[in-house]
Amino acid sequence: MNIEELKEFCGEDWKRVGARMKGALRSDIALLNTTNDMILSHSGKQLRPLLSVLAAKACSDGNGLLPEDSIRVAAAAELLHNATLMHDDVADESDCRRGIPTLNCLMGPSVSVLVGDYWLVSAINEIREAEHFGPRLISIFSDTLTRLAEGEMLQLQKAQNCDTREDDYLRIIFSKTASLFETSAVAAAISVNAPEQVEEAVKKYAVSLGLAFQIRDDIFDYSPDSDVGKPVGVDIREQKITMPLLGAFLNSSAEEEASIRDKVKRIADHQEYADEILGFVREKDGIRYAERRLDDYIRAAVDSISVLPASRSRQYLMDLAYFVAKRDR
């Protein structure tokens, strides 16, 4: 399975999501339209709206086109995701994403923040205009925005102290990544009036999927052969302790762990520590530990949707989980 196969299965509903996004971003400011079109042309995998459409289909009878509210929440999820990326690029001073220059690099941080704000408001407008369940949907998306901000601040706090433990790490990646996966799926279930049991099932699926997705991303940072459009060791240079390093600590002595944490804390002034830390993770099988934890979440995701009626949509949700587990970019 590949992403294009999923988009083809979603058919006209997928086209409607793209059209909804373009319509939500339309402005009478020519420069803003040109900038938005440029961003849309490099939109990446679009996992969140795909998850949203597949979840809506799996939670309904699957016949005919999805209701307009389902299309709105799928579009809103992707608009919100891209807004956070533009803001992240400013905070991280990133010049490259998905192998191409960021808006921050091309037009500067002020433009990146302003355009990110525009996408964020466009996402909220889509939810606000939903015909049904508007207040509840607004609350769900609002909670996600809160978690995104909290996750960033907790990550910053932990990077400063270099005292991240696995429970801290899981809270960070839930807030920064899995929470929007959760919102994408739960909002989709709401949009088709799914019963509470079904809504809870796709919620558990999406949270597990989001955690697995971020763990895979963090494994890439220790994998020189990956094709993610950025060099290895970026997280370590930003003093972020992620699952591979946490796994390596489990196979090391207290003295070794303390020494590595100290090196992470001082890495800004000692860039040469990065290669040593990467080697430590390989030596202590940190990547293998992270892969086992990733597999745990993939199994949890697949198991959680066993209560959904058998359908092609449910099968594609399972396939999406396996794709996240094995993706190489």
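Refer to the structure presented above.
Residues numbered from 1 in each chain as written. Predicted model: local features only at pLDDT ≥ 70, side-chain atom pairs only at ≥ 80, totals over all residues. Heavy atoms only, no water.

K.L.:
Help me understand the overall build of the protein chain, please; the structure alone is not making it clear to me.
P.N.:
When helices and strands are tallied, the protein chain shows 15 helices and two strands. Its C-alpha atoms give the protein chain a radius of gyration of 20 Å, near enough to 20 Å, the size a compact globule of 329 residues would have. Summarising its shape, the C-alpha atoms of the protein chain cover approximately 60 × 50 × 35 Å along the three principal directions. Burial status across the protein chain gives 55% buried among its 329 residues. (Helix = DSSP H or I, 4+ residues; strand = E, 2+ residues; numbered from the N terminus. Rg over C-alpha atoms; globule rule 2.2 N^0.38 Å. Buried < 20%, exposed > 50% of the residue type's maximum accessible area, 1.4 Å probe, protein only.)

K.L.:
Is there a simple way to think about the layout of surface pockets in this case?
P.N.:
Any space left empty among the atoms is revealed by the rolling of a water-sized probe across them. When its volume is computed, the second largest pocket comes out at roughly 280 Å³. Of all the secondary-structure elements, those providing two or more residues to the lining of the second largest pocket are α2 (30-40), α4 (68-91), β2 (100-101) and α5 (103-107). If one sorts the elements of the lining of the second largest pocket by residue count, α4 sits on top with four residues. A per-class count over the lining of the second largest pocket returns eight nonpolar, five polar and three charged. (1 Å grid on protein atoms, 1.4 Å probe; cavity = no way out; pocket = protein on both sides within 12 Å on 5 of 7 lines; lining within 4 Å. Points joined across faces, edges and corners; volume = space filled by probe spheres on them. Nonpolar A, V, L, I, M, F, W, Y, C, P; charged D, E, K, R; others polar.)

K.L.:
Would you take a moment to explain the packing of helix α11 (residues 243-250) against helix α14 (residues 286-304) for this structure?
P.N.:
For any two helices packed against each other, the geometry is given by the interaxial angle and the distance between the axes. Relative to each other, α11 and α14 sit at 115°, their axes nearing to 7 Å. The angle between α11 and α14 falls in the class roughly perpendicular. Considering how the two elements wind past one another, α11 and α14 form a crossing that is right-handed. When α11 is examined against α14, the residues M243, P244, G247, A248 and L250 are found in contact with a partner set consisting of G286, I287, Y289, A290 and R293. Classifying every residue of the contact of α11 with α14 by side-chain character gives seven nonpolar, two polar and one charged. (Axes fitted to C-alpha atoms, helices over the stretch in contact; angles between N-to-C directions. Parallel < 35°, antiparallel > 145°, perpendicular 65-115°, else oblique. Left-handed = near helix turned anticlockwise from the far one by under 90°. Contact = heavy atoms within 4.5 Å.)

K.L.:
Explanation requested: the packing of helix α1 (residues 3-25) against helix α6 (residues 109-128) in the structure shown.
P.N.:
Across the interface, α1 lies against α6 with an axial gap of 9 Å and an inter-helix angle of 115°. α6 is crossed by α1, and the crossing has right-handed handedness. Only Y118, W119, S122 and E126 of α6 make contact with α1, whose side of the interface consists of R20, M21, A24 and L25. The residue inventory of the contact of α1 with α6, partitioned by class, reads five nonpolar, one polar and two charged.

K.L.:
Help me understand α6 in this model?
P.N.:
Owing to its 3.6 residues per turn, the α-helix brings residues three or four apart onto one side. With 20 residues, α6 should reach 28 Å at 1.5 Å per residue; the first-to-last C-alpha distance of 28 Å fits that figure. What α6 keeps buried is the set S112, V115, G116, W119, S122, A123, E126 and I127. Projected onto a plane normal to the axis of α6, the buried residues spread over an arc of 140° and lie on a single side. Opposite the packed face of α6, turned more than 90 degrees from it, sit the exposed residues S110, L114 and R128. Residues of α6 that are buried sit in contact with α1, α2, α4, α5 and α7 (134-161). (Expected span 1.5 Å × (residues − 1). Arc of directions from axis to C-beta.)

K.L.:
How should I be thinking about the side chain of K57 in this particular structure?
P.N.:
The topology assignment puts K57 in helix α3 (residues 47-58). A distance of 2.9 Å separates polar atoms of two side chains, one belonging to K57 and the other to D13. (Polar contact = N/O pair within 3.5 Å; in protein donor to acceptor, adjacent residues only side chain to side chain.)

K.L.:
Quick question: what am I supposed to make of the packing of aromatic side chains here?
P.N.:
A ring pair, where both rings are aromatic, is described by two values, the distance of the centres and the angle of the planes. Tallied over the full model, the rule gives three aromatic pairs. Relative to Y316, the ring of F9 lies with its centre 4.6 Å away and its plane at 45°, an arrangement referred to as tilted. One end of the pair, F9, is in helix α1; the other, Y316, is in helix α15 (residues 312-326), with 307 residues separating them in the sequence. Ring geometry for F249 versus F280: centroids 6.1 Å apart, planes at 50°, classification tilted. Here F249 is found in helix α11, whereas its partner F280 is found in helix α13 (residues 273-283), with 31 residues between them in sequence. A residue is classified by how much of its surface remains accessible, and F249, at 5% relative accessible area, is buried. Sitting over the face of the ring of Y273, K263 holds its NZ or CZ atom 5.5 Å from the ring centroid. If you follow R327 out to its NZ or CZ, it ends over the ring of F213, 3.9 Å from the centre. (Phe/Tyr/Trp six-rings, centres within 6.5 Å; stacked < 30°, edge-to-face > 60°. Lys NZ or Arg CZ within 6 Å of the ring centre and 35° of its normal.)

K.L.:
Help me out: how do you make sense of the nonpolar core in this one?
P.N.:
Buried together is how nonpolar side chains tend to be arranged in soluble globular proteins. Residues L51, W119, Y205, I215, L245 and L320 are the most contacted members of the largest nonpolar core, which totals 101 residues. The contact partners of L245, leaving out residues within four places of it in the chain, are Y222, I236, I260, V264, I277, F280 and V281. (Core = buried A, V, L, I, M, F, W, Y, C linked by side-chain atoms within 4.5 Å.)

K.L.:
Would you explain the environment of L79 in this entry?
P.N.:
Here L79 shows up in helix α4. Excluding its chain neighbours within four sequence positions, the residues that come into contact with L79 are M21, A24, L25, W119, S122, A123 and E126.

K.L.:
Would you take a moment to explain α7 for this structure?
P.N.:
The terminal C-alpha atoms of α7 lie 41 Å apart, and with 28 residues this matches the ideal 40 Å at 1.5 Å per residue to within 8%. All buried positions along α7 are accounted for by G134, L137, I140, F141, T144, L148, G151, L154, Q155, K158 and A159. Each element contacted by the buried residues of α7 is listed here: α4, α6 and α8 (166-191). Count one or two residues on from α7 and you reach C162, which has phi positive near 55°.

K.L.:
Any chance you could explain the environment of L294 here in plain terms?
P.N.:
Within the secondary structure, L294 is located in helix α14. On a C-alpha basis, the gap between L294 and D168 in space is 16 Å, while along the polypeptide they are 126 residues apart. Aside from chain neighbours lying at most four places away, what touches L294 is A212, I215, R216, I219 and A325.

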